[in-house]
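# Working through the structure, step by step
Chain residues, written in single-letter form:
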Amino acid sequence: MLANSSIQSVQTGFETLNLINPIRKVLREEKYALPTPIQEQAIPHLVKGRDLLGCAQTGTGKTAAFALPILQWLEQNQEVVGPKGVRSLILAPTRELAVQIGESFRVYGRHLRIKQAVIYGGVRPALQIRALSRGVDVLVATPGRLLDLLNQRQLRLDKVGVLVLDEADRMLDMGFLPDIKKICSAIPSSRQTMLFSATLPSEIVKLSRNFLSDPVKVTVNPPSSTVDKIEQKVLFVDREKKSDLLESILGEDQSLYRVLIFTRTKHGADRVAKRLIKIKISTEAIHGNKSQPARLKALDKFRSGRVRVLVATDIASRGLDVDGITHVINYDLPKETESYVHRIGRTARAGMEGVALSFCDEGEKTYLRRIEAEIGRPLDVDREHPFHDESIASKKSGARKPNSKSFSNGKSRGRGSRGRSAARSEGQNKSFSFSRNRSPGKPVNGKKNIRNKRVS
Ligand code: AMP
């Protein structure tokens, strides 16, 4: 049975978490004043060697929640694993996430003597094989490449003491389950295992029973509440007018400072990027047809602020951690409601605020309805906006009747509710701004502004 962590999220300092000095030093240098709730709840159990089932999204500080105890364990249990050996293994669904986790280990472990490697598909394996040849303390990997190299006997998993399955729901969606089972069977069962997932559908809970032994369960920010910090808006617009709308917003409103735009297709991403570049808005595109080096380069430019806009397919919707994204724009609404939650979760990260703006054409109203049902409330809409198309908004097919009770049960509505947008549409507020009421990028909860902190 799962033991439910009863530790409250009353924030105490890192000093209560029994971390060793070289790690505490990094936390001071990184100016992490307080552990995040997932860190506060998970670390005390993890340093004692417990298995963990964590329900948390990227952006909650989950990487440090597993990386710090792993680094501490590695330091306190020095062992030579020998050629091709691995002491701790972190599995992640995408290359981008694997690289990001590797970078976090580099930062958090910089005062320790840690050998690490990151391996993923889409690039030649020679350098990865070389990095593994003398054995590593930390290996971050995507399952497919890991299994390839395991089959080629380029690495051994018989010395793995800690296993992390990060974004387990995503790995499941991507069909990695058979690979994960094979990988796990090559790892000693005496290992410590941590499984993190943004959501805990029954398949994940079932899966966790195969891999975890008497885990502590820690849940922070279930999807519907993670989105609360994000101001979410929708504009009903004719499909043909979406690019004009985008240009007008980006051209006129400089508070859209670091903007991530999602399209449904790779072709669509290229088209939007091309158009923005044409009107001199610095833009990169990232999607599955781009080579891995090109994707990393584009991300790096966006992360460092050399480009203002990144246009992406859902490849970037999960796990991507770029500090200070002020706005997420859903140029196309996603078919899967979960993708919506993941996409908009790229903003308002690490204590910041953010705006998520969705363009909805007639064909996308069904997606919108499902999204609203998922997040439990309707999105804010401005009928006064010059691009707003009332004929799309009020068409029966979408069933977005003003003052509909379907999502609110008639109870008072929160921020961003239909009540407020109805008031606006009655002329109380004529201008529709895509900036937040508060200045974008402003830290909340007294956290430091960590924009541009990561080095790629
Ligand atoms: P993650 O969810 O692990 O991707 O972390 C999201 C962001 O939060 C990263 O940029 C981390 O550097 C940052 N972060 C993690 N833990 C803390 C903390 N305790 N205080 C401030 N920032 C943090």
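Let us look at the structure shown here. Quick caveat: nothing in here was measured; it's all calculated off a predicted structure. (Residues numbered from 1 in each chain as written. Predicted model: local features only at pLDDT ≥ 70, side-chain atom pairs only at ≥ 80, totals over all residues.)

### Quick notes on helix 12 (residues 266-278)
- Here helix 12 is 13 residues long and its end C-alpha atoms lie 18 Å apart, about the 18 Å a rise of 1.5 Å per residue gives.
- Within helix 12, the full set of buried residues consists of Ala269, Val272, Ala273 and Leu276. Viewed along the axis of helix 12, the buried residues span an arc of 100 degrees, placing them on a single side of the element. Those residues of helix 12 that are exposed and aimed more than 90 degrees away from the buried face are His267, Lys274 and Lys278.
- Lining the buried residues of helix 12 we find helix 11 (242-252), strand 10 (259-262), strand 11 (283-286) and strand 12 (309-312).
- At the C-terminal side of helix 12, Lys280 shows a positive phi close to 70 degrees. (Helix = DSSP H or I, 4+ residues; strand = E, 2+ residues; numbered from the N terminus. Expected span 1.5 Å × (residues − 1). Buried ≥ 20, exposed ≤ 12 C-beta atoms within 10 Å, placed from the backbone. Arc of directions from axis to C-beta. Contact = placed C-beta atoms within 7 Å.)

### Some points on helix 4 (residues 95-108)
- The terminal C-alpha atoms of helix 4, which comprises 14 residues, lie 20 Å apart, in line with the 20 Å expected from a rise of 1.5 Å per residue.
- Every buried residue belonging to helix 4 is among Arg95, Glu96, Leu97, Ala98, Gln100, Ile101, Gly102, Phe105 and Tyr108, and all of these are buried.
- Contacts made by the buried residues of helix 4 are with helix 1 (21-29), helix 3 (62-76), strand 3 (86-91), strand 4 (116-119), strand 5 (136-141) and helix 13 (292-303).

### Here we look at the nonpolar core
- Ranked by internal contacts, the top residues of the largest apolar core, which has 65 residues, are Leu89, Leu91, Leu139, Val140, Ala141 and Leu165.
- No other element matches the 8 residues that helix 3 contributes to this core.
- Residues within four places of Val140 in sequence aside, it is in contact with Ile90, Ala92, Ala98, Ile101, Gly102, Phe105 and Val118.
- Counting 52 residues, the second largest nonpolar core, distinct from the first, contains Leu260, Ile286, Phe302 and Ala348. (Core = buried A, V, L, I, M, F, W, Y, C linked by C-beta atoms within 7 Å.)

### Some thoughts on unusual backbone geometry
- Although it is not a glycine, Asp214 sits at a positive phi angle of roughly 45 degrees.
- Inspection of the secondary structure puts Asp214 in the loop between helix 9 (202-211) and strand 8 (216-219).
- If you check the backbone angles, Lys280 has positive phi at about 70 degrees while not being a glycine.
- Tracing the backbone through its elements, the reader meets Lys280 in the loop between helix 12 and strand 11.
- The exposed category is assigned to Lys280, around which 8 C-beta atoms lie within 10 Å.

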